[in-house]
Amino acid sequence: MKARTDRWLAPYRRLLAAYGPQHWWPGETAFEVMVGAVLTQNTAWVNVERAIDNLKRDALLTCRGILALSDADLAERIRPAGYFNVKARRLKALCAFLAEQGVADHPVALRDSAPLAELRQRLLAVHGVGEETADSILLYALDLPVFVVDAYTRRIFTRLGLLRGEERYAAIQRAFMDRLPAEVRLYNEYHALIVHLGKSVCRPRPRCGACPLLHRCPHPRT
Ligand code: SF4
């Protein structure tokens, strides 16, 4: 068991040593993190920041503020994040969900409203909230120990030989969570480091010479 854990922890240790803490998730409140988790779907973070700034400028970055906007007005304000009509509907759905749960004024209280597994199911039932978004909200907004999986995770860990590559989201998540201690800080930092590596080095055409994981990775030899 220890050897298996080490194989899945070793990349984390090397990435942390190479890149340092990533200080995720950028956001001043749990609600801002939730909004960011929806807006970041299919776009770069810099675009999300512009959309969030548009809401903040008029003090609309609250659950009630967003619900009070018309769909068209909300879409216009979040236009920089792309897919703005779709994302406006998704943000409204998330805010309506928070209001239904009785946490519109204090969204972080969602954390205590149900056990983790139940909370995840409730989030997945919200329009536009898929597994990655739900888990990002659980981990980064609510500080709950859930490992977030994304396309970078799949690519890097397939190249490292720890995944086959065709596993479903749940199987990849289980692979991490079965082997790593259930620690929010570890999950938070590990995912952030994976994203950093995936964006900067382990790209579709990887820059293996600059990779902190090169010594353990079979991919450059294949
Ligand atoms: S050595 Fe290359 S393929 Fe392997 S993880 Fe690093 S960048 Fe990706």
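Residues numbered from 1 in each chain as written. Predicted model: local features only at pLDDT ≥ 70, side-chain atom pairs only at ≥ 80, totals over all residues. Heavy atoms only, no water.

Caption draft 1: Local environment of the overall build of the protein. Secondary structure assignment for the protein yields 11 helices and zero strands. Written out in order from the N terminus, the α and β elements of the protein read α-α-α-α-α-α-α-α-α-α-α. In the protein, which comprises 222 residues, the proportion classed as buried is 48%. Across the protein, contacts joining residues at least 24 apart in sequence account for 63% of those joining residues at least 6 apart. Roughly 11000 Å² of accessible area belongs to the protein as shown, and the carbon and sulfur atoms make up 51% of that amount. Treating the 32 positive side-chain charges of the protein as one cloud and the 23 negative ones as another, the clouds have centres 9 Å apart. (Helix = DSSP H or I, 4+ residues; strand = E, 2+ residues; numbered from the N terminus. Buried < 20%, exposed > 50% of the residue type's maximum accessible area, 1.4 Å probe, protein only. Contact = heavy atoms within 4.5 Å. Areas by Shrake-Rupley, 256 points an atom, 1.4 Å probe, with all protein chains shown as cover. Lys, Arg positive; Asp, Glu negative; His and termini not counted. Charge placed at Lys NZ, Arg CZ, Asp CG, Glu CD.)

Caption draft 2: The pattern of salt bridges, seen in detail. In total, this model carries 11 salt bridges according to the counting rule given. We note a salt bridge from Asp58 to Arg77, for which the minimum N-O separation is 2.7 Å. With Asp58 in the loop between helix H3 (45–57) and helix H4 (63–68) and Arg77 in helix H5 (residues 71–77), the pair connects residues that are 19 residues apart, well separated along the chain. Overlapping salt bridges bring together Glu28, Glu32 and Lys56 as one network. (Salt bridge = Lys/Arg side-chain N within 4 Å of Asp/Glu carboxyl O.)

Caption draft 3: Layout of the domain arrangement of the protein. Here the protein is partitioned into domain 1 (2–23 + 148–221) and domain 2 (30–141). Each of domain 1 and domain 2 was reduced to a C-alpha centroid, and the two centroids are 27 Å apart. Contacts between the two partners involve 11 residues from domain 1, matched on the other side by seven residues from domain 2. Buried area between domain 1 and domain 2, summed over both chains or domains, comes out near 760 Å², and the portion from carbon and sulfur atoms is 60%. When the area that domain 1 buries against domain 2 is broken down by residue, the three leading residues are Val148, Tyr169 and Asn188, summing to 55%. (Domains from an automatic or database assignment. Buried area = accessible area lost by both parts, 1.4 Å probe.)

Caption draft 4: Fine view of the state of the cysteines. Summed over the entire model, instances satisfying the criterion amount to zero disulfides. As a non-bridged cysteine, Cys63 has Cys95 as the owner of its nearest cysteine sulfur, 4.1 Å distant. (Disulfide = S-S within 2.5 Å.)

Caption draft 5: Main features of the site of the ligand. What surrounds the ligand is the set Arg159, Val201, Cys202, Pro206, Cys208, Cys211, Leu214, Cys217, His219 and Pro220. Here the residues of the shell around the ligand are counted per class, giving eight nonpolar, one polar and one charged. (Near = heavy atom within 4 Å. Nonpolar A, V, L, I, M, F, W, Y, C, P; charged D, E, K, R; others polar.)

Caption draft 6: Expanded view of the packing of aromatic side chains. Taken as a whole and judged by the stated rule, the model has 13 aromatic pairs. Each ring, one from Phe147 and one from Phe176, has its centre 4.2 Å from the other, and the planes form 10°; the classification is stacked. A residue pair is termed long-range when its members are at least 10 positions apart, and Phe147 in the loop between helix H8 (131–141) and helix H9 (151–159) and Phe176 in helix H10 (residues 169–179) qualify at 29 residues. No difference in accessibility class separates Phe147 from Phe176, as the two residues are buried. Judged by centre distance (5.4 Å) and plane angle (80°), the rings of Phe147 and Tyr187 are edge-to-face. A residue pair is termed long-range when its members are at least 10 positions apart, and Phe147 in the loop between H8 and H9 and Tyr187 in helix H11 (residues 184–200) qualify at 40 residues. Pair check on accessibility: Phe147 and Tyr187 agree, each one buried. Among the aromatic side chains, those forming a connected cluster through ring pairs are Trp8, Tyr12, Phe147, Phe157, Phe176, Tyr187 and Tyr190. (Phe/Tyr/Trp six-rings, centres within 6.5 Å; stacked < 30°, edge-to-face > 60°.)

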